[in-house]
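Below, each chain spelled out in residue letters.
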Amino acid sequence: MDCFSYRNGELYAEETRVRDIAESAGTPCYIYSRATLEEHYDRLQAAFKPIDPLICYSVKSCSNLGVLRVLAARGAGMDAVSGGELYRAKLAGVPMSKCVYAGVGKSDDEITGAIQDGLGLFNCESEEEFENIASIAKKLRATVRVALRINPDVDPQTHRYTATGKKETKFGVDLERARRFFATYGRDPHATLEGLHLHIGSPIYTVDPYREAMTKTVDLVAALASDGMAIRSIDLGGGFGADYESAQSPPLQEYAAAILPLAKPLYDRGVRFILEPGRTIAGNAGILVLRVLYTKTSGEKRFVICDAGMNALLRPSHYGSFHFIWPVEPGSAMTPARRTLDPKLPGTTTHDVVGPLCESGDFLALDRVLPASIKRGDLLAVFTAGAYGMSMASRYNSSPLPAEVLVSRDHAEIVRRREDFQTLVEHELKPIALQLAPSATTELPR
Ligand SMILES: *Cc1c(COP(=O)(O)O)cnc(C)c1O
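Residues numbered from 1 in each chain as written. Predicted model: local features only at pLDDT ≥ 70, side-chain atom pairs only at ≥ 80, totals over all residues. Heavy atoms only, no water.

Undergrad: Is there a simple way to think about the sheet that holds strand E1 (residues 4–7) in this case?
TA: Strand-to-strand pairing in sheets goes through backbone hydrogen bonds, with the strands running parallel or antiparallel. Taken in spatial order, the three strands line up as E1-E2-E3 in an open sheet, and their pairing is antiparallel. The open sheet has two edge strands with one neighbour each: E1 and strand E3 (16–17). One ladder, built from two bridges, connects strand E2 (residues 10–13) with E3; its direction is antiparallel. In the sheet register, Tyr12 faces E3, and the bridge partner there is Arg17. (Pairing = 2+ DSSP bridges. Helix = DSSP H or I, 4+ residues; strand = E, 2+ residues; numbered from the N terminus.)

Undergrad: Is there a simple way to explain the packing of aromatic side chains in this structure?
TA: Think of a pair of aromatic rings as described by two things: how far the centres are apart, and how the planes are tilted against each other in angle. Counted according to the given criterion, the structure contains 13 aromatic pairs. Consider the rings of Tyr101 and Phe122, whose centres lie 5.9 Å apart with planes at 40°: the pair is tilted. Placement of Tyr101 in strand E7 (residues 99–101) and of Phe122 in strand E8 (residues 121–124) is noted, with a sequence separation of 21 residues between them. Using a relative accessible area of 1% as the deciding quantity, one classes Phe122 as buried. Both rings, one in Tyr161 and one in Tyr319, keep their centres 6.2 Å apart while their planes meet at 65°; by these two values the pair is edge-to-face. A residue pair is termed long-range when its members are at least 10 positions apart, and Tyr161 in the loop between strand E9 (144–151) and strand E10 (173–174) and Tyr319 in helix H11 (residues 315–319) qualify at 158 residues. (Phe/Tyr/Trp six-rings, centres within 6.5 Å; stacked < 30°, edge-to-face > 60°. Buried < 20%, exposed > 50% of the residue type's maximum accessible area, 1.4 Å probe, protein only.)

Undergrad: Where do I start with unusual backbone geometry in this structure?
TA: Across residues other than glycine, the phi torsion is negative in most instances, and most of the peptide bonds are trans. Geometrically, the link from Thr27 to Pro28 is a cis peptide bond, its omega value of -5° lying close to zero. Turning to its location among the elements, Pro28 is positioned in the loop between helix H1 (18–25) and strand E4 (29–33). Here the bond from Ser202 into Pro203 is cis, since omega is -15°, no more than 30 degrees from zero. You can see Pro203 is positioned in the loop between strand E11 (191–197) and helix H8 (208–226). Of note in the backbone geometry, Arg141 takes a positive phi value of approximately 50° without being a glycine. Along the chain, Arg141 turns up in the loop between helix H6 (127–139) and E9.

Undergrad: Mind showing me how you'd approach the pattern of salt bridges here?
TA: Any two side chains of opposite charge can pair, on the condition that their charged atoms come close. Per the counting criterion, the structure on display carries 24 salt bridges. Bridged by salt links that share partners, the residues Arg34, Glu38, Asp42 and Arg74 form one connected network. (Salt bridge = Lys/Arg side-chain N within 4 Å of Asp/Glu carboxyl O.)

Undergrad: What exactly am I supposed to notice about the site of the ligand here?
TA: Every one of the 14 residues lining the ligand counts as a neighbour, but Lys60, Ser202, Glu276, Arg279 and Tyr388 are closest to it. Taking Ser202, its side chain carries an N or O atom lying 2.2 Å from an oxygen atom of the ligand. At 2.8 Å from an oxygen atom of the ligand is found a main-chain nitrogen or oxygen belonging to Gly239. Grouping the constituent residues of the shell around the ligand by class yields two nonpolar, seven polar and five charged. (Near = heavy atom within 4 Å. Polar contact = N/O pair within 3.5 Å; in protein donor to acceptor, adjacent residues only side chain to side chain. Nonpolar A, V, L, I, M, F, W, Y, C, P; charged D, E, K, R; others polar.)

Undergrad: Sorry, what's going on with the nonpolar core here?
TA: Side chains that are nonpolar tend, in soluble globular proteins, to be buried together. Counting 128 residues, the largest nonpolar core has Ile31, Phe48 and Phe122 as its most contacted members. The greatest single-element share of this core, amounting to eight residues, is contributed by helix H9 (residues 252–268). Shared between two domains, this core takes at least three residues from each, and those domains are domain 1 (4–12 + 284–425) and domain 2 (34–282). In this structure Phe48 touches Pro53, Phe240, Tyr255, Ala256, Ile259, Leu260 and Leu275, once residues within four positions along its chain are discounted. (Core = buried A, V, L, I, M, F, W, Y, C linked by side-chain atoms within 4.5 Å. Domains from an automatic or database assignment. Contact = heavy atoms within 4.5 Å.)

Undergrad: How do you make sense of the environment of Tyr205 when you look at a structure like this?
TA: Secondary-structure assignment places Tyr205 in the loop between E11 and H8. Given the relative accessible area of 25%, Tyr205 is considered partly exposed. Once the C-alpha coordinates of Tyr205 and Pro251 are considered, the two residues, 46 residues apart in sequence, prove to be 9.9 Å apart. What Tyr205 contacts, discounting residues up to four positions off in sequence, is Gly241, Ala242, Tyr244, Gln248, Ser249, Pro250 and Tyr255. From its side chain, Tyr205 meets the backbone oxygen of Ala242 in a polar contact 3.2 Å long.

Undergrad: Even after reading the chapter, I still don't get the domain arrangement of the protein, so can you show me in this structure?
TA: Where the parts come together, the accessible area they lose is often given as the size of the interface. What the domain assignment reports for the protein is domain 1 (4–12 + 284–425) and domain 2 (34–282). A straight line from the C-alpha centre of domain 1 to that of domain 2 covers 32 Å. Taken together, the 25 residues of domain 1 in the interface contact 23 residues of domain 2. Counting the surface lost from both domain 1 and domain 2, the interface buries some 2,100 Å², and carbon and sulfur atoms represent 53% of this. Per-residue buried area on domain 1 facing domain 2 is highest for Asn284, Tyr319 and Tyr388; these three make up 28% of the total on that side. The tally of links from domain 1 across to domain 2 stands at zero salt bridges. For the pair domain 1 and domain 2, the interface holds 13 residue pairs in polar contact (both at pLDDT 80 or more). Contributions of two or more residues to the side of domain 1 that touches domain 2 are made by H11, strand E20 (403–408) and strand E21 (411–416). Looking at the side of domain 1 that touches domain 2, the element that brings in the most residues is E20, giving four residues. A per-class count over the side of domain 1 that touches domain 2 returns ten nonpolar, ten polar and five charged. (Buried area = accessible area lost by both parts, 1.4 Å probe.)

Structural data, given as structure tokens:
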């Protein structure tokens, strides 16, 4: 669901006209709907109520502080995968005790900072990392809580770049190694190994991979118990779908129905549950608004050239993802009933929707059915762009990053200013001489 809808042939974000936002904020710009974010958060909480999970929103899906604040006000914790994301969570007012921190490459500085800030839980991905966390905690005379990320070897049937729970992945440790991991590190005095973490991939449109992963997790909890190791928390990760096409994703109750029968008995025995949803909260809560700069025909192909492409939204060219695209002001006759690959309206034809960057990979949609009337100056909306949109945007071709706007009913505010040329170069303006160790500059072989 989302709160972007056509009324009388023009697109609204909640009660605000998208054209008015685009004219005031400029394009390209991301627009987020507060009500959509809140609704998705509330629905998740309701669906999983029997295990009362801590919902740790995945910061990397959409990391704007304005968005984080909306969810923080709802009581969300945060799932961070870097020191930068923990910093954002802190700025958004999220208690560090409600934050979890995953990632295969946590640096010493990041681990130190997280411990000093009182991080809730490290989601640890390897033996070496555990030893490092434990040794840093010891140095800081701190005790930290750690969950082991396990890799349950299930196929989430999604893009191979975002399948993260199969056996040959860089994430977590496999189930056979997990018992050994607990046997080796389960009694560390500074890093308390007390939980299990899994995140099997994203987006996952069937509930079976969750059921399979949860079944294996339940078995592991029992095996660990027989080894004398008690599991206090289970973090089920994220990966629930979003509606890139209308009603593409199963309702959250369906995911819950697969997970709850396995999770509830553990909950009743005192295990605390955590979820890390990103896309299912933020995906449909954002659109990207672009202006058509030119249309042109090359051979048989019609191109719509927009003022941003893969620099603003990488998913189509990186993952081959589908995003529904439609004019902001199509008129009542051209308003589609559903967001789908082929909206089957008269007066449409296929186009490639591309950006201005100098490479052929710079597209938002190929062979896409759109109104034939699209012309220079029109505004286009790219839907379901809230997750992995702005957070993956780049400055390639020296493109300043887009503006971000948060809408709440008839109120809109800029939550990230559009970058300008000055921001592009500010870290380059003044070269600074490096103070190198003498051995690096002298004693050159002759
Ligand atoms: C990316 C990520 C998530 C969020 O995935 P979504 O598909 O956006 O729900 C959750 N947990 C971890 C560890 C991740 O890396």
